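Inside the fold
Next come the chains, spelled out residue by residue.
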Amino acid sequence: IQIVALVVLVSVAYMIYANAPRIPGAIGEDETTSTTPKEKNIVINEDTPVYYIEAEYPLLGRPDIDARITKLMDTTLTEFKSYPANPPESAAPKNEFIGSYYVIRNDADVVSIQFTFSVFTGGAHPNTYILALNVDPKTGKEITLEDVLGRIGLSLTQVADQSLAQLKEALGDDVIFPDGAAATPDNYSTFLIGTSTVSFEFQSYQVAPYAAGLPETSFQIQ
């Protein structure tokens, strides 16, 4: 009788467990049931007599966007590899490329990625610059400057005026190239979209000396 009772008890306990609701993400849940794309970090290391490359970039598990990322990296590195070899007396024995990235946003509405590249071919210092990739996952299309201006509710002229004011406040007299912040599409072609703000990125020497780094200005999304 006791054995029968034990069997019945175990059976009931199993039925309760099998039919109990599961909490998404709970420990022990099969991760393959998740619908969230998995981000991968891709590392490139190449060392030849002519150049050295150390770069990283992401793959987000979104095939159309990953194709854009791969194309951006391929184009950038192909151009770098085409540079002529440095002469023996150069400050850099070989051309050097260092690349990093930061995923600003990756959700159902926006994918925004910052790529920071540093290229040294000799001279006083490397040339560091930013590329930005902004995509609307719903349409698969890149987000344009016009789209971004709509998100922050400002015209390009208003953005330029406010950007110059922000730059002067942050850098003071170091802002010696105000034309780099003038209201032209080229000056504001590099932007990043966060969850609540849009930032416009300025390249080295665009608005200030190299020592000022890569300045940026920020605007609230409406």
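Take the sheet that holds strand β2 (residues 51–59) next. With mixed pairing, the six strands of this open sheet are ordered in space as β1-β2-β3-β4-β5-β6. One side of each edge strand has no neighbouring strand; the edge strands of this open sheet are β1 (40–47) and β6 (141–142). Note: β2 against strand β3 (residues 95–106), five bridges, orientation parallel. Within β3, the residue paired with Ala55 across the bridge is Gly99.

It is worth spelling out helix α2 (residues 63–81) at this point. For an α-helix, the turn length of 3.6 residues means that residues three or four places apart are oriented alike. Its 19 residues give α2 an end-to-end C-alpha distance of 26 Å, which sits within 8% of 27 Å, the value for a rise of 1.5 Å per residue. Among all positions in α2, only Ile65, Asp66, Ile69, Leu72, Met73, Thr76, Leu77 and Phe80 are buried. Down the axis, α2 shows its buried residues gathered within 125° of arc, on one side only. Facing away from the buried surface of α2 by more than 90 degrees, the exposed residues are Pro63, Lys71 and Thr78.

Looking now at the packing of aromatic side chains. Scanning all chains against the criterion turns up eleven aromatic pairs. Between the aromatic rings of Phe117 and Tyr129, the centroid separation amounts to 5.7 Å while the plane-to-plane angle is 70°, which identifies the pairing as edge-to-face. On the criterion of sequence distance, the pair formed by Phe117 in strand β4 (residues 111–120) and Tyr129 in strand β5 (residues 127–136) is long-range, its members being twelve residues apart. For Phe117, a relative accessible area of 0% gives the class buried.

To continue, consider the environment of Ala85. Among the secondary structure elements, Ala85 is positioned in the loop between α2 and β3. Under the relative-accessibility criterion, Ala85 is labelled partly exposed at 48%. Between the C-alpha atoms of Ala85 and Asn95, which are ten residues apart in sequence, the distance is 7.1 Å.

Turning to unusual backbone geometry, a few remarks are in order. In this structure, Tyr205 takes a positive phi of about 70° despite not being glycine. We classify Tyr205 as partly exposed; its relative accessible area is 45%.

Reading across the sheet, the three strands line up as β7-β8-β9 and stay open at both edges, with antiparallel pairing between neighbours. Edge positions in the sheet fall to β7 (191–193) and β9 (216–220), since each of these pairs with one other strand and no more. Averaged over neighbouring strand pairs, the angle between their axes works out to 20° when direction is ignored. Note: β7 against strand β8 (residues 197–201), three bridges, orientation antiparallel.

Cut-offs and rules
- Residues numbered from 1 in each chain as written.
- Predicted model: local features only at pLDDT ≥ 70, side-chain atom pairs only at ≥ 80, totals over all residues.
- Heavy atoms only, no water.
- Pairing = 2+ DSSP bridges.
- Helix = DSSP H or I, 4+ residues; strand = E, 2+ residues; numbered from the N terminus.
- Expected span 1.5 Å × (residues − 1).
- Buried < 20%, exposed > 50% of the residue type's maximum accessible area, 1.4 Å probe, protein only.
- Arc of directions from axis to C-beta.
- Phe/Tyr/Trp six-rings, centres within 6.5 Å; stacked < 30°, edge-to-face > 60°.
- Axes fitted to C-alpha atoms, helices over the stretch in contact; angles between N-to-C directions.

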